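Remarks on the overall topology
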Amino acid sequence: MAAHPAPSARARLRVLLPRLVLSPSLALVAFFVYGFIAFTTYLSFSDSKMLPSYGWVGFQNYETLFSLRMWDIAVTNLAIFGILYIVICSFLGLMLAILLDQHIRAEGFIRTVYLYPMALSFIVTGVAWKWFLDPGIGLEAVMHDWGWTSFEFRWIKDRDMAIYTIVIAAVWQTSGFVMATFLAGLRGIDSEMLKAARVDGAGTFAVYRRIVIPQLRPAFLSAFVVLAHMAIKSYDLVVALTNGGPGNATAVPSTFMYSYTFTRNQMGIGAASAEIMLLTIAAVIIPYLWSELKEDKR
Amino acid sequence: MTLRPARILLYAILGLFCLYYLLPLYVMLVNSVKPLQEITSGGMMELPQVWTLAPWHNAWSQAQVGVEATGLKPYFLNSLLMVVPAVTIATVLGALNGYVLTKWRFRGDTILFGLMLFGCFIPFQIVLIPMARSLGFLNLSGTVGGLIFVHVVYGISFSTLYFRNYYSAFPTELVRAAEIDGAGFFTIFWRILVPNSGPIAVVCVIWLFTNIWNDFLFGASFSDFSSQPMTVALNNLVQSSTGEKEYNVHFAGAIMAALPTLFVYIVAGRFFVRGLMSGSVKG
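None of the values given here were measured: they were computed from a predicted structure. (Residues numbered from 1 in each chain as written. Chains lettered and ligands numbered in written order. Predicted model: local features only at pLDDT ≥ 70, side-chain atom pairs only at ≥ 80, totals over all residues. Heavy atoms only, no water.)

Overview of the domain arrangement of chain B
All names here are of chain B. Once the domains are mapped, chain B shows domain 1 (5-61) and domain 2 (73-277). A separation of 32 Å is found between the C-alpha centroids of domain 1 and domain 2. With 17 residues of domain 1 at the contact, the number on the domain 2 side is 15 residues. Across the domain 1/domain 2 interface, buried area totals approximately 1,500 Å², and carbon plus sulfur atoms make up 82% of it. Inspection of the region where domain 1 meets domain 2 yields 0 salt bridges. (Domains from an automatic or database assignment. Contact = heavy atoms within 4.5 Å. Buried area = accessible area lost by both parts, 1.4 Å probe. Salt bridge = Lys/Arg side-chain N within 4 Å of Asp/Glu carboxyl O.)

Considering the interface of chain A and chain B
The interface of chain A with chain B comprises 95 residues on the first partner and 93 residues on the second. Broken down residue by residue, the surface that chain A buries against chain B is led by Tyr116, Trp131 and Ile137 of chain A, which jointly contribute 7%. Joining chain A to chain B, the criterion identifies 1 salt bridge. The salt bridge involving glutamate 179 of chain B is made with arginine 14 of chain A; its shortest N-O contact spans 2.4 Å. Broken down by element, the side of chain A that touches chain B gets its largest block of residues, 18 residues, from helix H1 (residues 5-44) of chain A. Tallied by class, residues from the side of chain A that touches chain B come to 66 nonpolar, 15 polar and 14 charged. (Helix = DSSP H or I, 4+ residues; strand = E, 2+ residues; numbered from the N terminus. Nonpolar A, V, L, I, M, F, W, Y, C, P; charged D, E, K, R; others polar.)

Regarding the environment of alanine 254 of chain B
Looking at the secondary structure, you find alanine 254 of chain B in helix H13 (residues 247-267). In sequence terms alanine 254 of chain B and methionine 230 of chain B are 24 residues apart; their C-alpha atoms lie 9.5 Å from each other. Once residues lying within four places of it in the same chain are set aside, the contact partners of alanine 254 of chain B are Val124 and Val127 of chain A together with Met28 and Leu234 of chain B.

A few points about the pattern of salt bridges
Residue and element names in this part refer to chain B. Scanning the model with the defined rule gives 9 salt bridges over all chains in all. Across the salt bridge formed by aspartate 109 and arginine 105, the nearest N and O atoms sit 2.9 Å from each other. Residue classification places aspartate 109 among the buried positions, given a relative accessible area of 3%. The exposure class assigned to arginine 105 is partly exposed, which follows from its relative accessible area of 31%. (Buried < 20%, exposed > 50% of the residue type's maximum accessible area, 1.4 Å probe, protein only.)

Description of the packing of helix H12 (residues 253-263) of chain A against helix H6 (residues 125-137) of chain B
At a minimum axis separation of 10 Å, H12 of chain A and H6 of chain B run at an interaxial angle of 25°. What the angle tells us is that H12 of chain A and H6 of chain B run roughly parallel. The two elements H12 of chain A and H6 of chain B meet at a crossing, and its hand is right-handed. Residues Ser254, Met257, Tyr258, Thr261 and Phe262 of chain A of H12 of chain A form the contact with H6 of chain B, whose participating residues are Gln125, Leu128 and Ile129 of chain B. The class makeup of the residues in the contact of H12 of chain A with H6 of chain B is 5 nonpolar, 3 polar and no charged. (Axes fitted to C-alpha atoms, helices over the stretch in contact; angles between N-to-C directions. Parallel < 35°, antiparallel > 145°, perpendicular 65-115°, else oblique. Left-handed = near helix turned anticlockwise from the far one by under 90°.)

Some details on helix H7 (residues 144-167) of chain B
Every α-helix carries 3.6 residues per turn, so stepping three or four residues along brings you back to the same face. All names here are of chain B. End to end, H7 covers 32 Å across 24 residues, agreeing with the expected 34 Å (1.5 Å per residue, within 8%). Considering bend angle alone, the principal kink of H7 is centred on glycine 155 and spans about 40°. Buried residues dominate H7, accounting for 21 of its 24 residues. (Expected span 1.5 Å × (residues − 1). Bend = angle between axes of the 7 residues up to and from the residue.)

Remarks on a nonpolar patch on the surface
A surface patch of nonpolar side chains, about 370 Å² in accessible area, is lined by Tyr42, Tyr54 and Trp56 of chain A. With respect to the element layout, tyrosine 54 of chain A can be found in the loop between H1 and helix H2 (60-67). (Patch = residues over 30% accessible without salt bridge, like charges linked within 9 Å, V, L, I, M, F, W, Y side chains within 5 Å. Areas by Shrake-Rupley, 256 points an atom, 1.4 Å probe, with all protein chains shown as cover.)

What follows is the structure, given as structure tokens:
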């Protein structure tokens with residue numbers, strides 16, 4: 001081998017250089033994603049309060065976490081919000097996509113209008129809906145001004161209903177995106193097959209139920225994955241719209257984590273709650289990534 | 001062509017939903033050019049009786065956001081200073097990574113890519129505590145530089161995803177042929193891949209720009225008054241409990257925070273949609 005030093009050096013460079021170029025990014029991800037996950041995991045088993053501390057306390061933080069009423073509220077809220085958000089967005093998105101797929105004039109314009117909220121920050125969405133839903137100046141006041149004086153809509157001030165205002169604003173923001181996902185799926189369906197079904201006498205409704213919707217499975221899957229992980233991560237919208245209130249009524253795991261870690265100085269419990277969020281998302285994402293990347297393997 | 005009743009119903013439903021999606025934008029716009037007492041007296045849905053740009057002026061340069069009454073202007077600039085370098089660096093790194101992962105494949109590269117990809121989806125709460133400490137250690141706490149760093153670190157996963165998917169459709173034979181002709185790793189990238197990367201670069205830049213401009217969690221966690229981005233400043237403006245709530249100023253501020261991303265969406269909507277779609281990994 002030493003007989004041909006020049007080609008071997010070149011060949012080695014050819015093998016090494018690409019890996020060298022990739023390595024800074026890999027190092028960043030290894031440290032700032034996986035290293036940090038490991039660090040936070042350790043903290044969740046530690047006696048950290050205001051600052052990280054490394055005394056091992058076993059599952060104590062998790063036991064405390066699960067006994068806290070506020071965590072209970074946060075998880076229940078996430079369940080209510082997540083389920084309604086995913087179901088309503090998917091339903092609205094599918095319906096709008098099917099309606100838009102009927103050779104509509106001005107389709108491009110309508111699509112643009114349905115989708116623009118996705119470009120906005122959740123803080124902007126939160127501000128707009130916060131004041132629109134505010135009984136003092138928003139919808140309720142407007143209805144009173146227009147003469148319907150018995151009209152009442154004060155969910156945003158109501159402990160039991162406030163979580164639904166977050167659903168309203170979040171659906172407004174994201175349903176257009178789900179529509180676009182389904183519309184792309186619809187455009188990918190073989191139109192010959194639909195014509196054949198029509199010739200065989202199938203009605204429009206039957207065609208959609210039996211042929212079109214089953215073929216949209218990939219679109220359903222990607223919409224579900226995106227919506228589920230957005231629901232679990234949602235933080236900005238809650239902060240801007242209700243700031244977790246009234247009281248703790250709209251606390252979700254992300255606001256819980258922030259408040260326990262940075263304002264209540266219970267870093268161990270905050271880390272444990274972040275851990276639960278990560279595991280929930282991983283349960284959705286890892287099988288998805290696995291199935292998507294499996295075929296790519298050499 | 002005459003419209004059948006079913007078509008009329010169809011257009012009516014689609015039109016109704018247009019109103020639904022436009023309603024909050026309408027509310028923000030009309031109330032940002034209205035004197036405050038027209039809003040508080042129940043006229044939120046009406047056009048202004050007196051048109052005024054004072055709320056815009058106020059939100060931009062006078063409103064009490066932090067300690068001083070500076071308006072949102074310095075925070076808008078912070079966001080710009082943060083977003084431009086962060087997007088540039090993350091895009092360049094993503095392009096190089098995508099190039100390696102598709103044209104210079106090696107054993108285990110799919111697993112490495114999968115591990116990087118998972119970084120797109122993690123709840124950022126899991127990295128807040130160690131990141132706060134690391135930024136302190138790097139002397140970047142509470143600076144725009146710190147935010148740029150954080151956004152680059154967590155933006156690489158996305159940009160790598162985009163470029164990898166795009167380059168995997170680019171003919172590898174061209175790369176091998178250039179190699180035989182004696183072109184090196186960077187020459188091939190610069191002369192062959194980069195000139196053909198226009199569309200995906202646009203998608204990637206738009207996606208990163210929108211995400212980083214709209215970010216709130218990192219901005220709220222890692223900045224101080226001198227480096228807060230626009231989203232955090234807007235939230236402070238709206239949530240501040242001192243004095244009378246100036247709804248018209250809030251709405252003007254909200255539109256300012258929305259304008260850059262809205263502008264991008266309107267001029268390059270096609271690419272924006274393609275970026276969204278690639279959220280489903282294979283694009």
